[in-house]
Each structure stands twice: as C-alpha cells, then as structure tokens.
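Architecture and fold: a report
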Amino acid sequence: MTNWSPTILTRVMLGLAIVLSAFPLYWMLVIASRTNADAVSVPPAFLPGGNLGENIVAVLNNEDAHFLLGLTNSFIVASVVTVSVVIISTLAGFSFANLNFKGRNLLLVLVLLTMAVPLQQMGVVPLYRLMVSLEWTGTLTAVILPYLLNGFGVFLMTQYTRQAVPMELVEAARVDGAATLRIWWNVVLPAVRPGMAVLGINTFMLMWNDFMWPLIVLTPDNPTVQIAITQLNARFSTNYTLIFAGTALSIIPLVAVFVLFGRQIVGGLMEGAVKA
C-alpha cells in the first residue's frame, strides 16, 4: 500500500470546505450574542458581542415559547424513536440477512417500496384523522408512534448484517444449540454495533429536527424544540437574537450525541468501506 500525500490544492479545498461548513455556526453565535439592531445592521457585525447570556436567559424565560419543555419533549421523542428504530431494524435486518423463511424477498421488496413513497406528505391527512380518533392529538404519543419503524433502517441493517455476520457463524451457533434470539443477542449485535450507531445517530438527528408533524399534532403549550424556536418571534416583528440563541441551545444535544458516539460512527463507516 502506497502512502498518499495531499497536495497544496487538496489542503486548500479541504480548508475552504471546513470554513464554509463552520461559518453558519459561527454566524449563529455572533447574532445570538448581539442585539436585534446589530442583527439587521449594514454592514453586519462579524465578531461576537456580549449579550449571549442575556439572550439565553430571555429564551428560557419566554412564556410563549416553553423552550425548556420543548427541549425535554424533543429529547423524549428522539430517544424513544431512536431506540425503537435501532432495535426493530436490527432484528429485521438479522431476519432478512440470516434467516430463511417463506416470502422473505417479497417482504424486503415491500420495505424498499416504502422508501420510494413520501409517506409523511401523502399520509398526513389520514394519519392526523387517526390521531384525532384515538384522542392522541396534543400528546407526544402522536409524534412518536408513526416513526417507531422506518424502511431505511431495516434496509441499512439488512445490508450491514449481510456483510458483518457470515451465515457460517450463525449456523455454528445454531449447531451449538443457541436459539434464534440468543444468536441475535450474542452473535449479531456485537458484529453490527457500528451500523447501529450510524443508524441511531441519523434517526436521533432526524427526529430532533422534525418540524412538520409535531407542528400538526401538538399544541403551542406542549411543543418540541423546533416549534418552540418559531414561537420566540415577537408578535409583529422578528427577534433574530432570540431565534439564534434558541437555535444555539437546540444544537447542544446533537453536538453531545456526536461527541459521545462519533468514534462508533467513524468506525462503522470505515469498516463498511474496507469490506466494500
């Protein structure tokens, strides 16, 4: 294997990509730490101000936004959905990849077809009517239930399990007398842990940033964090400093999740690249 040394052009392009990716976050902190007049001034301010703490306190004390409740609700929704999607997708991936049963290929095709249809947009009306008939509107159950399983997670874990768990390993465990769930727990899970981490991070991020469905089924006094941010606006004007301060607070859990599980994500992606 030959060592590859990056050229100057490569370094410049990587540096430019980093700057372009990081600038929106930096700009968010600049506006969040200044006054609303600074946010709309021309030319704009490019250095952080001294009002970040004051703006954060204003966000947390805003009676219309219910920001702390929104953070709590988003964490509950994202955590429950993530755990459910990861567990069910891992079980289904193991079934499709390592178990032989009648109709397996047909069921997998049906799973793939669900990925080709925008179910949230096409099914929002009947799904909302279902939540109304169940009297779940205004509760977190209405936000959580439709997302407990998704086709992408099943497809991802099926492909990952096929690469990470050889059939010979499953057959050897079965010969030793292990039941199916025992094989899944002791043989499959340790092998597919990086893939589970990737799926978990993606699911948590998508649920944390979800806006449309919570906006439809929840009430303003019981929001998720994305709805709470929209409620930081004044009645007849836009308060950019509060919105950006609330946005800065809202990304802290996402950053924490990436810091905690980033190594698993990189390991999963690199392992998949090596196997490919």
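A few points on the structure. (Residues numbered from 1 in each chain as written. Predicted model: local features only at pLDDT ≥ 70, side-chain atom pairs only at ≥ 80, totals over all residues. Heavy atoms only, no water.)

Our next topic: the overall build of the protein chain. Secondary structure summary: the protein chain contains 15 helices and zero strands in total. The burial tally for the protein chain puts 36% of its 276 residues in the buried class. Surface summary for the protein chain: the accessible area is close to 16300 Å², and the carbon and sulfur share equals 69%. With 12 positive and 11 negative side-chain charges, the protein chain shows a separation of 14 Å between the mean positions of the two kinds. (Helix = DSSP H or I, 4+ residues; strand = E, 2+ residues; numbered from the N terminus. Buried < 20%, exposed > 50% of the residue type's maximum accessible area, 1.4 Å probe, protein only. Areas by Shrake-Rupley, 256 points an atom, 1.4 Å probe, with all protein chains shown as cover. Lys, Arg positive; Asp, Glu negative; His and termini not counted. Charge placed at Lys NZ, Arg CZ, Asp CG, Glu CD.)

What follows deals with the packing of helix H10 (residues 167-175) against helix H11 (residues 180-209). Two numbers describe a pair of packed helices, the interaxial angle and the distance between the axes. Relative to each other, H10 and H11 sit at 125°, their axes nearing to 10 Å. Classified by the angle between their axes, H10 and H11 sit oblique to one another. In this structure, H10 crosses over H11, and the sense of that crossing is right-handed. Packed against H10, whose contacting residues are Leu169, Val170, Ala173 and Arg174, the element H11 presents Thr180, Ile183 and Val187 at the interface. (Axes fitted to C-alpha atoms, helices over the stretch in contact; angles between N-to-C directions. Parallel < 35°, antiparallel > 145°, perpendicular 65-115°, else oblique. Left-handed = near helix turned anticlockwise from the far one by under 90°. Contact = heavy atoms within 4.5 Å.)

A separate point is empty space enclosed by the protein. Going through the model one piece at a time under the given rule, you end up with one cavity of 30 Å³ or more. Lining the largest cavity, in full, are Ser74, Val77, Val143, Met207, Asp210, Pro214 and Thr224. Considering only residue class, the lining of the largest cavity consists of four nonpolar, two polar and one charged. (1 Å grid on protein atoms, 1.4 Å probe; cavity = no way out; pocket = protein on both sides within 12 Å on 5 of 7 lines; lining within 4 Å. Points joined across faces, edges and corners; volume = space filled by probe spheres on them. Nonpolar A, V, L, I, M, F, W, Y, C, P; charged D, E, K, R; others polar.)

A cluster of nonpolar side chains, Val83, Ile87, Ile88, Leu91, Leu149 and Leu181, forms an exposed patch at the surface whose accessible area comes to about 510 Å². Of all the elements, helix H4 (residues 67-98) adds the most residues to the nonpolar patch, at four residues. Structurally, Leu149 can be placed in the loop between helix H8 (140-144) and helix H9 (151-164). Assessed through its relative accessible area of 47%, Leu149 is described here as partly exposed. (Patch = residues over 30% accessible without salt bridge, like charges linked within 9 Å, V, L, I, M, F, W, Y side chains within 5 Å. Salt bridge = Lys/Arg side-chain N within 4 Å of Asp/Glu carboxyl O.)

Estimated volume of the second largest pocket: approximately 280 Å³. Lining the second largest pocket are 12 residues, with Thr82, Met196, Ala197, Gly200 and Phe261 positioned closest to its centre. Listing elements by their share of the lining of the second largest pocket, those giving two or more residues are H4, H11 and helix H15 (252-275). It is H11 that provides the largest number of residues to the lining of the second largest pocket, a total of six residues. Broken down by class, the residue content of the lining of the second largest pocket amounts to eight nonpolar, three polar and one charged.

What follows is about the packing of H4 against H9. The interhelical angle for the contact between H4 and H9, taken along N-to-C directions, is 50°, at an axis separation of 7 Å. Considering their axes alone, H4 and H9 lie oblique with respect to each other. The handedness of the crossing between H4 and H9 is right-handed. Here Ser89, Thr90, Ala92, Gly93, Phe94, Phe96, Ala97 and Asn98 of H4 lie close against H9, whose contacting residues are Gly153, Val154, Met157, Thr158, Thr161 and Arg162.

On to unusual backbone geometry. Note the cis peptide between Val42 and Pro43, where omega equals 0°. Along the chain, the position of Pro43 falls in the loop between helix H2 (36-39) and helix H3 (52-61). Residues other than glycine seldom take positive phi values, yet His66 does so here, at roughly 50°. As for its placement among the helices and strands, His66 is situated in the loop between H3 and H4. Phi at Glu135 takes a positive value of approximately 60°, unusual for a residue other than glycine. Within the element layout of this structure, Glu135 appears in the loop between helix H7 (124-133) and H8. Taking the relative accessible area as the measure of exposure, Glu135 reaches 68% and is therefore exposed.

You can see Asn62 is positioned in the loop between H3 and H4. Residue Asn62 is classed as buried on the basis of its relative accessible area, which comes to 19%. In this structure the side chain of Asn62 is engaged in a polar contact, spanning 2.9 Å, whose partner is the backbone nitrogen of Asp64. From its side chain, Asn62 meets the backbone nitrogen of Ala65 in a polar contact 3.1 Å long. When near neighbours in sequence (up to four residues on either side) are disregarded, Asn62 contacts Gln231, Leu232 and Leu242. (Polar contact = N/O pair within 3.5 Å; in protein donor to acceptor, adjacent residues only side chain to side chain.)

For the coordinates displayed, the defined rule picks out six aromatic pairs. Seen from their ring centres, Phe23 and Trp27 are 6.2 Å apart, and the 20° between their planes marks the pair as stacked. Pair noted here: Phe23 and Trp27 are both in helix H1 (residues 8-32), with a separation of four residues, about one helical turn. Residue class for Phe23 comes out partly exposed when judged on its relative accessible area of 39%. Plain terms: the ring middles of Phe75 and Phe204 are 6.4 Å apart, the flat faces sit at 75° to each other, and that makes the pair edge-to-face. Of the two residues, Phe75 is situated in helix H4 and Phe204 in helix H11; the sequence distance between them amounts to 129 residues. (Phe/Tyr/Trp six-rings, centres within 6.5 Å; stacked < 30°, edge-to-face > 60°.)

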